[in-house]
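Spelled out, the chains give:
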Amino acid sequence: MKTTFPPTAALDRADAPSDAAVDLNVFLAYENLAAALRAAEMLAALGRKDPAGLAVQLSPWSFAALEDPQWSAQAAPYAARAHLIVIAAFGAVPRLSAVIEGWLQTCLAQPRDDSLAVAAFFHRHDGPDAGDSPRLRSVQRLAHEAGCAFFAPGVTGEIACLV
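Note that the structure is a prediction, hence the values are computed from the model and not measured. (Residues numbered from 1 in each chain as written. Predicted model: local features only at pLDDT ≥ 70, side-chain atom pairs only at ≥ 80, totals over all residues. Heavy atoms only, no water.)

Student: So what's going on with the overall build of the protein chain? Which residues, and what values?
Tutor: Helix and strand counts for the protein chain stand at six helices and six strands. The order of helices and strands in the protein chain, counted from the N terminus, is β-α-β-α-α-β-α-β-β-α-β-α. A buried classification covers 42% of the 163 residues belonging to the protein chain. The long-range share in the protein chain, meaning contacts at least 24 apart out of those at least 6 apart in sequence, stands at 76%. Element-wise, carbon and sulfur atoms account for 55% of the exposed surface of the protein chain, whose accessible area totals about 8,800 Å². (Helix = DSSP H or I, 4+ residues; strand = E, 2+ residues; numbered from the N terminus. Buried < 20%, exposed > 50% of the residue type's maximum accessible area, 1.4 Å probe, protein only. Contact = heavy atoms within 4.5 Å. Areas by Shrake-Rupley, 256 points an atom, 1.4 Å probe, with all protein chains shown as cover.)

Next up, the structure:
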């Protein structure tokens, strides 16, 4: 049996039942499973804060997949439909790879119909990255250069305002 990841059936809103509208399309680029799980927990908490029941469409992609040109091309339509791009890393590596930074810069430069925000969920084993973290500053710079809102909830707690 051949499967695709993420499932393509949920990609287009036209494919979703009318009662299952997507309020927030989230593209999650993650370094490892620990980062993906932490990001998913934060996004779930965001959904619980919305009394109307925020409908989130999550498209998770590993850094390893995004560093591969073929997989990166497959991910592009998902990133183009995102309202929020989350970059998640868990560990002591102080910087994102040049390939991931380049991918994010290219992604943010694409024309869009909707507004876009970028969030950095960066944690070390002893807690969230500090505000002067090189990887945090890098993503913040790319978001600001593209005219996107930027959030670093581990540092500022500011992501609830997206709802």
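On we go from here.
Student: Would you mind going over the side chain of R135 in detail, with residue names and values included?
Tutor: Within the fold, R135 resides in helix α5 (residues 134-145). Owing to a relative accessible area of 2%, R135 belongs among the buried residues under this scheme. A polar contact is formed between the side chain of R135 and the side chain of D129, at a distance of 2.6 Å. When sequence neighbours within four positions are dropped, the list of residues in contact with R135 reads E31, A89, G91, V93, P94, R95, L96, F122, H123, R124 and D129. (Polar contact = N/O pair within 3.5 Å; in protein donor to acceptor, adjacent residues only side chain to side chain.)

Student: I'd like a rundown of helix α4 (residues 98-109), residues and numbers included.
Tutor: Over its 12 residues, α4 runs 16 Å from end to end, which matches the ideal 16 Å to within 8%, given 1.5 Å per residue. The set of residues buried in α4 consists of I100, W103, L104, C107 and L108. Around the axis of α4, the buried residues are gathered within 125 degrees of arc, so they sit on the same side. The exposed set on the far side of α4, more than 90 degrees from its buried face, consists of A98 and A109. (Expected span 1.5 Å × (residues − 1). Arc of directions from axis to C-beta.)

Student: How would you sum up the pattern of salt bridges? Please name residues and give values.
Tutor: If you walk through the whole model with that rule in mind, you get three salt bridges. Between R124 and D129 there is a salt bridge, with the nearest N and O atoms lying 3.7 Å from each other. For E145, the salt bridge is made with R141, and the minimal N-O distance between the two is 3.3 Å. Within this pair, E145 and its partner R141 are both found in helix α5, separated by four residues, close to a single helical turn. (Salt bridge = Lys/Arg side-chain N within 4 Å of Asp/Glu carboxyl O.)

Student: Before we move on, can you summarise the pairing of strand β2 (residues 56-62) with the specific residues and values?
Tutor: It is a general feature of regular strands that their side chains alternate between the two faces of the sheet. Where burial is concerned, most of β2 is hidden: five out of the seven residues are buried. In the sheet, strand β1 (residues 24-30) pairs with β2 via seven bridges, with the strands oriented parallel. Its bridge partner being in β2, F27 is matched across the sheet by S59. (Pairing = 2+ DSSP bridges.)

Student: Pulling in residues and values, what's your account of the packing of aromatic side chains?
Tutor: One pass over the structure, following the stated rule, counts four aromatic pairs. Counting every residue linked through ring pairs, the aromatic cluster contains F27, W61, W71, Y78 and W103. (Phe/Tyr/Trp six-rings, centres within 6.5 Å; stacked < 30°, edge-to-face > 60°.)

Student: Which residues make up the nonpolar core, and what values go with them?
Tutor: F27, I85, I87, W103 and V139 are the most contacted members of the largest nonpolar core, which has 30 residues in total. For this core, the secondary-structure elements that each account for two or more residues are β1, α2 (63-66), α3 (69-80), β3 (84-90), α4, β4 (117-124) and α5. Of all the elements, α4 adds the most residues to this core, at five residues. Discounting residues that sit within four places of it in the chain, I87 has contacts with A29, F63, L96, W103, L104, A119, A120, F121, F122 and V139. In this structure, Y30, A88, F90 and A117 belong to the second largest nonpolar core, which totals 18 residues. (Core = buried A, V, L, I, M, F, W, Y, C linked by side-chain atoms within 4.5 Å.)

Student: Before we move on, could you go through the pairing of β1 and cite the residues and values that matter?
Tutor: Within β1, seven of the seven residues are buried, which leaves the element mostly enclosed by the surrounding structure. Of the two faces of β1, the one holding L24, V26, L28 and Y30 and the one holding N25, F27 and A29 are both buried throughout.

Student: Any chance you could break down the confidence of the model for the protein chain for me, citing the residues and the numbers?
Tutor: For the protein chain, mean pLDDT is 79; residues scoring 70 or higher make up 76% of the total. When mean pLDDT is compared element by element in the protein chain, α2 scores highest at 96, while helix α6 (residues 153-156) scores lowest at 60. Across residues 1-19 the pLDDT falls below 50, and counting only partners more than four positions away or on other chains, this stretch makes 18 contacts in the model. Note that residues 158-163 has pLDDT below 50 and, in this model, 17 contacts with residues that lie over four places away or in other chains. (pLDDT = per-residue confidence, 0-100.)

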